[in-house]
Amino acid sequence: MNGLQSNIAKIIEEIPYYYLQDLFDYATFLKAKAQKEHDTAYLSSIPGMTDSIIAASKEDLQNCSKTLDW
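Here is a short report on the structure shown in this document. Here, residues in each chain are numbered from 1, in the same order as that chain's written sequence. Predicted model: local features are reported for residues with pLDDT of at least 70 only, side-chain atom pairs are reported and counted for 80 or more only, and whole-chain, interface and lining totals are derived from all residues. Values reported for side chains reflect all heavy atoms of the structure, with hydrogen atoms and water molecules removed beforehand.

## So, the overall build of the protein chain
Here is step 1: Put simply, DSSP marks the helices as runs of H or I at least four residues long and the strands as runs of E at least two long, and each gets a number from the N terminus on. Along its length, the protein chain carries 3 helices and 0 strands.
Here is step 2: From first element to last, N terminus to C terminus, the protein chain shows the α and β order α-α-α.
Here is step 3: Taking 2.2 N^0.38 as the reference for a compact globule, 70 residues should give roughly 11 Å; the C-alpha atoms of the protein chain span a radius of gyration of 21 Å, well beyond that estimate.
Here is step 4: Along the longest, intermediate and shortest principal axes, the C-alpha atoms of the protein chain span 55 × 25 × 20 Å.
Here is step 5: About 6900 Å² of surface is accessible on the protein chain, with carbon and sulfur atoms providing 60% of the total. Values of the radius of gyration come from C-alpha atoms, whereas the globule rule sets the reference at 2.2 Å times the count of residues to the power 0.38. Using a 1.4 Å probe, accessible areas were evaluated by the Shrake-Rupley method; residue-level cover was limited to the displayed protein chains.

## Looking at the packing of aromatic side chains
Here is step 1: Two rings belonging to Phe, Tyr or Trp (six-membered ring only in the last case) form a pair when the distance between their centres is within 6.5 Å. Interplanar angles under 30 degrees mark stacking, angles over 60 mark edge-to-face geometry, and anything in between is tilted. Taken as a whole and assessed by the stated rule, the structure comprises 2 aromatic pairs.
Here is step 2: Measuring from ring centre to ring centre gives 4.7 Å for Tyr 18 and Tyr 19, while their planes differ by 50 degrees; the resulting arrangement is tilted.

## A look at a nonpolar patch on the surface
Here is step 1: Patch building starts from residues that exceed 30% relative accessible area and form no salt bridge, then joins like charges within 9 Å and nonpolar side chains (Val, Leu, Ile, Met, Phe, Trp, Tyr) within 5 Å. Salt bridge, as used here: a side-chain nitrogen of Lys or Arg that lies within 4 Å of a carboxyl oxygen of Asp or Glu. The grouping of Leu 4, Ile 8 and Ile 12 at the surface amounts to a nonpolar patch, some 270 Å² of accessible area in total.
Here is step 2: Within the secondary structure, Ile 12 is located in helix α1 (residues 3–14).
Here is step 3: Judged by its relative accessible area of 35%, Ile 12 is partly exposed. Exposed residues in this analysis have more than 50% of their type's maximum accessible area, buried residues have under 20%, and partly exposed residues fall in between, with area computed by a 1.4 Å probe over protein chains only.

## Some words on the pattern of salt bridges
Here is step 1: Applying the stated criterion across every chain, the model contains 1 salt bridge.
Here is step 2: Of the charged contacts in the structure, one is a salt bridge between Glu 37 and Lys 33, with a shortest N-O distance of 4.0 Å. Placement of the pair is Glu 37 and Lys 33 together in helix α2 (residues 20–45), with a separation of 4 residues, close to one helical turn.
Here is step 3: Taking the relative accessible area as the measure of exposure, Glu 37 reaches 47% and is therefore partly exposed.

Put into structure tokens, the structure is as follows:
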């Protein structure tokens, strides 16, 4: 455990029990946010991907297939 993790662990030990669910919920939120940012950075790094996503988002849903062909 590094210094920052150790400091966080010490703080968590001092938080009253009734706040632990809030702490867990926030940690879960941050984990999801970090994953989304990672996914966005990855997709943005693929040449043409951003333009492809933007173009697809402007398509009329009536023109889209209801089944996948892959």
